[in-house]
Amino acid sequence: MADGSDTTLTAEQTAPEQAPNGLVAGIKSFAAGHGGAKAVIEYVGKRGARIVLVGADGAWGDQFADDTVVARQACAKAGVAVENAWERELMDQMRPSNDLWRSMARRTMAR
């Protein structure tokens, strides 16, 4: 390129995405209804990130976010601790419902 060229490529800086209020409210609601909660964030490709919430009473549920950054922000705003991985203690705390066991059994039997 010639001296003084104005065709320099620059990367656009975009503002980080904010966690949607509905996502934060859902996480807060789950934690309040189950005596507190811990979260594990799983990347699920183009879909974004899955936030698996495990309540202190053993109940669990999930929420979806656009990406892992938004998921972490939502958990931080909701006051829910994020675990780095599925630790044994967290998995032992989970108590699947009878309905979930039945649905898993049907899927296995159908194959």
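In the block above lies the structure referred to throughout.
These numbers were taken from a predicted model, which means no experiment stands behind them.

1. Observations concerning the overall build of the chain
Of the regular secondary structure elements, the chain holds four helices and four strands. Of the regular secondary structure in the chain, the N- to C-terminal order runs α-β-β-β-α-β-α-α. Counting only residues that meet the buried cut, the chain has 26% of its 111 residues in that class. Roughly 7900 Å² of accessible area belongs to the chain as shown, and the carbon and sulfur atoms make up 51% of that amount.

2. Let's talk about the sheet that holds strand E3 (residues 60-65)
The pairing of strands in a sheet happens through backbone hydrogen bonds and is either parallel or antiparallel. Strand order across the open sheet formed by four strands is E3-E2-E1-E4, with mixed pairing between neighbours. Of all the strands in the sheet, just E3 and strand E4 (81-83) have a single pairing partner and so form its edges. When strand polarity is set aside, the average angle formed by the axes of neighbouring strands in this sheet is 30°. In this sheet, E3 lies alongside strand E2 (residues 49-55) in antiparallel orientation, the contact comprising six bridges. Looking across to E3, one finds that Val52 is bridged to Asp62. Packing against the sheet, helix H1 (residues 21-33) makes contact with strand E1 (37-43), E2 and E3, and its axis sits at approximately 170° to E3.

3. Regarding the packing of aromatic side chains
In total, this model carries zero aromatic pairs according to the counting rule given. Above the ring of Phe64, the side-chain terminus of Arg47 is found at 4.0 Å from the ring centroid.

Rules behind the numbers
- Residues numbered from 1 in each chain as written.
- Predicted model: local features only at pLDDT ≥ 70, side-chain atom pairs only at ≥ 80, totals over all residues.
- Heavy atoms only, no water.
- Helix = DSSP H or I, 4+ residues; strand = E, 2+ residues; numbered from the N terminus.
- Buried < 20%, exposed > 50% of the residue type's maximum accessible area, 1.4 Å probe, protein only.
- Areas by Shrake-Rupley, 256 points an atom, 1.4 Å probe, with all protein chains shown as cover.
- Pairing = 2+ DSSP bridges.
- Axes fitted to C-alpha atoms, helices over the stretch in contact; angles between N-to-C directions.
- Contact = heavy atoms within 4.5 Å.
- Phe/Tyr/Trp six-rings, centres within 6.5 Å; stacked < 30°, edge-to-face > 60°.
- Lys NZ or Arg CZ within 6 Å of the ring centre and 35° of its normal.

Keep in mind these numbers describe shape, not what the thing actually does.
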